[in-house]
Amino acid sequence: MDDRTKTKFIKLILMLVVGMVFLPTTVHARGRFRRDYLQGKLIWSMWEVDLRTGKQRVMAKPQNPKVTYARLSPDGKFVAYSIQEEMGQPTEGYVCLIPYDGAKEEIIYGGLNYEISDISWLPDSKAFSFVATEWRDKRINSSILYIVQVGQPRRMEELPVVKKHGFQHIGFVNWLPKGNEFVFTATKRDGRSQIFRCRSDGSNLAQVGNFPGASDISLSSDGEKIALSWKRDLLIMDVNGINIKQITNSQKVAEWFPYWSPDGKWVLYVARTGFYNLPKGVYCVNVEDGTIRYLYKYGFIPQWWAEPVNKNK
């Protein structure tokens, strides 16, 4: 080995040692792990992956394949989803409903230049909400929050929270267990987004914590905890904004779209490409000890769904 090769080798060893010392707390490993304690399904678009076996399948096959956002109802009977030619652009958007068994799909709303997003089922599976956002000159102009009753006949109405409180944009709506309150993120024309909580009629509006710029949030199934993506990392807190705890510290990897596991022990999220040149991947983090688990290679705004105990009752 000549002197030049030795010098390169020594530099490489030093880089590895320094890298090991200064690695951020959160390491997104893509290795195998035991799945036997993870229950339920990973869902995005029209795909689902069994977290125990790793098998994937298409939930249903809509006529238009450009599904951008999908949510399976808590009772597992319906999939509410949006169709968009292009996200973040003034293209025609639709919100649709299709039975999980793949029967005929139904267009609930659409045909206008609105982006459809933030579909969220109420806990009783009898209704879901969605946000229709109007774009002008490639900028968000306004948002409307709708709720759809899935019984017959279908009924859709606008919820008054946006107009009542002067919000320009609203997103990431999460319904509390009783179905008469929700938490969400919202932006007024003169400021950055914050997290709020209010009743379905727009009353009792209250800001939750102080997280300017927060956009991605998820409410635990018991309605007690909020997970949020803020400044590239994940935090959890009580639904009233106290007892804040940071659960990741990846520094250079952005972590988006948190979603609570049904048992409240894990938070699902999407890791975006960053300093470590990671591909987009879906991970989960244990809220108690910070353990990171790799779940799947891709998935846009994923959902963690589990079979309800009383589904057949």
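To be clear, the structure that these remarks concern was listed above.
Residues numbered from 1 in each chain as written. Predicted model: local features only at pLDDT ≥ 70, side-chain atom pairs only at ≥ 80, totals over all residues. Heavy atoms only, no water.

**Quick notes on the sheet that holds strand β1 (residues 41-44)**
So, point 1. The four strands are arranged β3-β2-β1-β24 in an open sheet whose pairing can be described as antiparallel. Each end of this open sheet is capped by a strand with a single partner; those strands are β3 (56-58) and β24 (303-305). Strand-to-strand twist of the sheet, defined as the mean angle between neighbouring strand axes without regard to direction, takes the value 25 degrees.
So, point 2. Where strand β2 (residues 47-50) lies against β3, three bridges are found, and the strand directions are antiparallel. Counted as the bridge partner of W47 is V58 from β3. (Pairing = 2+ DSSP bridges. Helix = DSSP H or I, 4+ residues; strand = E, 2+ residues; numbered from the N terminus. Axes fitted to C-alpha atoms, helices over the stretch in contact; angles between N-to-C directions.)

**A short note on the pattern of salt bridges**
So, point 1. One pass over the full model with this rule turns up six salt bridges.
So, point 2. The shortest N-O distance in the salt bridge between E48 and R57 comes to 2.9 Å.
So, point 3. As a salt-bridge pair, E158 and K163 come within 3.6 Å of each other at their nearest N and O atoms.
So, point 4. With relative accessibility at 31%, the residue E158 sits in the partly exposed group.
So, point 5. Three or more residues joined by partner-sharing salt bridges are found here, namely K41, E48 and R57. (Salt bridge = Lys/Arg side-chain N within 4 Å of Asp/Glu carboxyl O. Buried < 20%, exposed > 50% of the residue type's maximum accessible area, 1.4 Å probe, protein only.)

**Considerations on the sheet that holds strand β7 (residues 106-112)**
So, point 1. A sheet is described by the order of its strands in space; here four strands give the open sequence β4-β5-β6-β7, paired in antiparallel fashion. On the outer flanks of this sheet lie β4 (67-72) and β7, each paired with one strand and no other. Taking the axes of each pair of neighbouring strands and ignoring which way they run, one obtains an average angle of 15 degrees across the sheet.
So, point 2. The pairing of strand β5 (residues 78-84) with strand β6 (residues 93-99) spans seven bridges and is classified as antiparallel. Opposite F78, over in β6, you have P99 as the bridge partner.

**What to know about the side chain of S117**
So, point 1. Among the structural elements, S117 can be located in strand β8 (residues 114-121).
So, point 2. In contact with S117, not counting residues within four places along its chain, are Y69, F130 and V131. (Contact = heavy atoms within 4.5 Å.)

**Here we look at the layout of surface pockets**
So, point 1. A volume near 360 Å³ is recorded for the second largest pocket.
So, point 2. When residues of the lining of the second largest pocket are traced back to their parent elements, those giving at least two are β8, β9 (127-136), β12 (169-175) and β13 (181-187). (1 Å grid on protein atoms, 1.4 Å probe; cavity = no way out; pocket = protein on both sides within 12 Å on 5 of 7 lines; lining within 4 Å. Points joined across faces, edges and corners; volume = space filled by probe spheres on them.)

**Digging into the pairing of strand β16 (residues 216-219)**
So, point 1. Of the two faces of β16, the one holding D216 and S218 and the one holding I217 and L219 are both buried throughout.
So, point 2. As defined by bridge partners, β16 adjoins strand β17 (residues 225-230) across four bridges and the pair is classed as antiparallel. Among the inter-strand pairings, S218 is bridged to a residue of β17, identified as A227.

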